[in-house]
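Below are the chains, spelled out letter by letter.
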Amino acid sequence: MGWECQTPNCNFKKVPAHTLIPAVSLREPFWPLTASYTLSRDTHVPFIKLNVSFAHNYRINQFMIPGIDGFITHLIANKTVLEEPGGPDDMFEAIQRNDIGLRRRSLGSGVTKGDSYTRHFLVNYGMPYKFIAATASSSFEGAASPITDTRSRLNWAAKFLLAQEQGKSVEEIAEEWKSKEFNEVLALGYFENQRINYHDDGEYGLGPTIATLSLGAPGTMRIRMKAKHHHGVSSAGIYDNDAPMPGCAAYEARLAMHPELQALQQSDSKAYKIRLKQIPKELKLKRSGQARDAITMTLGHGDIMVMHGAELQKYYEHSVDHTGKLRFALTCRYIDPESLEPQDKPTYEVKPDMGEYDGAKLGVEAMGTE
Ligand SMILES: O=C(O)CCC(=O)C(=O)O
């Protein structure tokens, strides 16, 4: 990676050497990391429900958001996970040693003269994911092992959590999961001061489950209700008539008037439009500002974060920053091939995941609790 001048006939190229950041340097002297369960630094506001469990070397923080059908789960890895052969420590160093194609990509914005670029580095594998930036996609065939291993690891994590949530066995979930398993890995690389701003992952054609493996410096992931749903009013002062969510501004009052407003929408569209302008003033709803963060998770090296539920993406958004030297986030999604325009379809076959990673098999004796 480096710089290359694209002026015709200019051959300027600068490729600074990357000094490898060893995985052991990520260990924090005052943060216990052993073969037992790791502590949590996550926080949340009172209306969010947290369920903590422990399994397969992970402390599992499952956040439930009232009103939302879905969950956000943070699997906090212990030392056994980090040090397993081909695991997070090995992956972190392998991504630094091999060029997996991480580049700043053009956002294709017409706002400024010339191209503007993402502030972080990215590359996509498997089914093309065209929403963040014009990201070149490559086949899983021949991809570096951290890419294919991540796909397999995250398919396991998603199946395990869905089984837990739905009270089914992992085998039962595996049967249903097969046709919609993760078929894409988006790798993001962040150097110092690089971050991804608030956004959602609810684009057309995406499955309801999204999972990320975090490698390197701990990332701070913040989740907040989108301003439109929190305040319930557009910048033009029009009331937003989506169902109000617990934790939003004037929740009780908005909830009480919701059925009446729905009925008015059906019966008298003129009166309904007038009400949409009156309500923000009546309830003194703010048009600007943001909701406070509802959940803040510290995504440590080797941790997995799984978001499940389409409603979650509709009402909530997330951002991630970090204060270290280098962080990678490898995120898996299911992208419906039918949702892609002919010109966006892959030119290669996206084959099923043959990795068969099973986190339940790891270090069972060391934990002594499974
Ligand atoms: O950096 C991360 O952990 C999150 C990446 C993310 O939000 C995304 O890929 O949509």
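Cut-offs applied
Residues numbered from 1 in each chain as written. Predicted model: local features only at pLDDT ≥ 70, side-chain atom pairs only at ≥ 80, totals over all residues. Heavy atoms only, no water. Helix = DSSP H or I, 4+ residues; strand = E, 2+ residues; numbered from the N terminus. Buried < 20%, exposed > 50% of the residue type's maximum accessible area, 1.4 Å probe, protein only. Pairing = 2+ DSSP bridges. Domains from an automatic or database assignment. Contact = heavy atoms within 4.5 Å. Buried area = accessible area lost by both parts, 1.4 Å probe. Salt bridge = Lys/Arg side-chain N within 4 Å of Asp/Glu carboxyl O. Polar contact = N/O pair within 3.5 Å; in protein donor to acceptor, adjacent residues only side chain to side chain. Nonpolar A, V, L, I, M, F, W, Y, C, P; charged D, E, K, R; others polar. Near = heavy atom within 4 Å. Areas by Shrake-Rupley, 256 points an atom, 1.4 Å probe, with all protein chains shown as cover. UniProt positions renumbered as here; feature names shortened; annotations may be inferred. Patch = residues over 30% accessible without salt bridge, like charges linked within 9 Å, V, L, I, M, F, W, Y side chains within 5 Å. Phe/Tyr/Trp six-rings, centres within 6.5 Å; stacked < 30°, edge-to-face > 60°. Lys NZ or Arg CZ within 6 Å of the ring centre and 35° of its normal. Expected span 1.5 Å × (residues − 1).

### Digging into unusual backbone geometry
You will see that Asn 9, though not glycine, has its phi angle at about 70°, which is positive. Secondary-structure assignment places Asn 9 in the loop between strand 1 (3–4) and strand 2 (13–14). Its relative accessible area of 78% is what places Asn 9 among the exposed residues. Backbone geometry places His 56, a non-glycine residue, at a positive phi of 50°. Within the secondary structure, His 56 is located in the loop between strand 4 (49–55) and strand 5 (58–64).

### What to know about the sheet that holds strand 13 (residues 293–299)
With antiparallel pairing, 5 strands are arranged side by side in an open sheet as 3-13-12-15-10. Where the open sheet ends on each side, the last strands, each with one partner, are strand 3 (43–44) and strand 10 (196–199). For strand 12 (residues 219–225) and strand 15 (residues 316–322), the ladder comprises 7 bridges, and the chain directions are antiparallel. Looking across to strand 15, one finds that Met 221 is bridged to Val 320.

### What to know about the domain arrangement of the protein
With domains assigned, the protein is organised as domain 1 (47–226 + 293–367) and domain 2 (230–282). On a C-alpha basis, the centroid separation for the pair domain 1 and domain 2 is 35 Å. With 9 residues of domain 1 in contact, the opposing surface of domain 2 contributes 7 residues. Carbon and sulfur atoms make up 68% of the surface buried where domain 1 meets domain 2, a total of about 640 Å² over both sides. The interface formed by domain 1 and domain 2 contains 1 salt bridge. Along the contact surface separating domain 1 from domain 2 lie 2 residue pairs in polar contact (both at pLDDT 80 or more). Across the side of domain 1 that touches domain 2, the residue classes break down as 6 nonpolar, 1 polar and 2 charged.

### Some details on the site of the ligand
Near the ligand the following residues occur: Leu 186, Leu 188, Tyr 190, His 199, Asp 201, Thr 212, His 318, Val 320, Arg 327, Ala 329, Thr 331 and Arg 333. Side-chain polar atom of His 318 to an oxygen atom of the ligand: 3.1 Å apart, as the coordinates give it. Residue Arg 327 places a side-chain N or O atom 2.7 Å away from an oxygen atom belonging to the ligand. With the chains in place, 98% of the 290 Å² that the ligand exposes on its own is no longer accessible. Looking at the shell around the ligand, the elements that each hand over two or more residues are strand 9 (184–191), strand 15 and strand 16 (326–333). Broken down by class, the residue content of the shell around the ligand amounts to 5 nonpolar, 4 polar and 3 charged.

### Digging into the UniProt feature "domain: Alpha-ketoglutarate-dependent dioxygenase AlkB-like" (unreviewed entry) in the protein
In this structure's numbering, the residues bearing the UniProt feature "domain: Alpha-ketoglutarate-dependent dioxygenase AlkB-like" (unreviewed entry) are residues 170–325. For residues 170–325, the end-to-end C-alpha separation is 37 Å, with 32% helix and 29% strand making up the annotated structure.

### Details of a nonpolar patch on the surface
Among the surface-exposed residues, Leu 50, Val 52 and Phe 54 lie close enough to one another that they form a single nonpolar patch of about 230 Å² accessible area. As for its position among the elements, Val 52 is in strand 4.

### Digging into the environment of Asp 200
Tracing the backbone through its elements, the reader meets Asp 200 in the loop between strand 10 and strand 11 (209–216). Sequence separation between Asp 200 and Pro 128 is 72 residues, and the spatial gap between their C-alpha atoms is 18 Å. When sequence neighbours within four positions are dropped, the list of residues in contact with Asp 200 reads Lys 226, Gln 313, Tyr 316 and His 318. Polar side-chain contacts of Asp 200 include one of 2.9 Å to the backbone nitrogen of Gly 202. Here the side chain of Asp 200 touches Lys 226 through a polar contact of 2.6 Å, side chain to side chain.

### Structural notes on the sheet that holds strand 8 (residues 137–138)
The strand order across the open sheet built from 9 strands is 4-5-6-14-11-16-9-7-8, with neighbouring strands paired in mixed fashion. Looking at strand neighbours, the two that pair on one side only are strand 4 and strand 8, the edges of this open sheet. The sheet contact formed by strand 9 and strand 16 spans 8 bridges and is antiparallel. Residue pairing across strands places Gly 189 opposite Phe 328, the latter belonging to strand 16.

### Quick look at the packing of aromatic side chains
Scanning the model with the defined rule gives 7 aromatic pairs in all. An angle of 5° between the planes, with centres 5.6 Å apart, marks the rings of Trp 156 and Phe 160 as stacked. With Trp 156 and Phe 160 both in helix 3 (residues 145–166) and 4 residues apart, the pair spans about one turn of that helix. The exposure class of Trp 156 is buried, given its relative accessible area of 5%. Three or more aromatic residues joined by ring pairs make a cluster, and in this case those are Tyr 58, Trp 156, Phe 160 and Tyr 357. One Lys or Arg, Arg 41, reaches over the ring of Trp 31 and ends 3.8 Å from the middle of that ring. The ring of Tyr 198 carries Arg 224 above its face, with NZ or CZ at 3.4 Å from the centroid.

### Quick notes on helix 3
Over its 22 residues, helix 3 runs 31 Å from end to end, which matches the ideal 32 Å to within 8%, given 1.5 Å per residue. Positive backbone phi, at 65°, marks Gly 167, one or two positions downstream of helix 3.

### What about the UniProt feature "binding site: 2-oxoglutarate" (unreviewed entry) in the protein?
When the UniProt feature table is mapped onto this chain numbering, "binding site: 2-oxoglutarate" (unreviewed entry) sits at Tyr 190, His 199 and His 318. Position of Tyr 190 among the secondary structure elements: in strand 9. Judged by relative accessible area, Tyr 190 falls into the buried class, the value being 2%. Setting aside chain neighbours within four positions, we find Tyr 190 in contact with His 120, Arg 195, Ile 196, His 322, Lys 325, Leu 326, Arg 327 and Ala 329. Mapping His 318 onto the fold places it in strand 15. Those residues within four positions of His 318 in sequence are excluded, and the remaining contacts are Asn 197, Tyr 198, His 199, Asp 200, Asp 201, Met 221, Arg 222, Ile 223, Met 307 and Gln 313.

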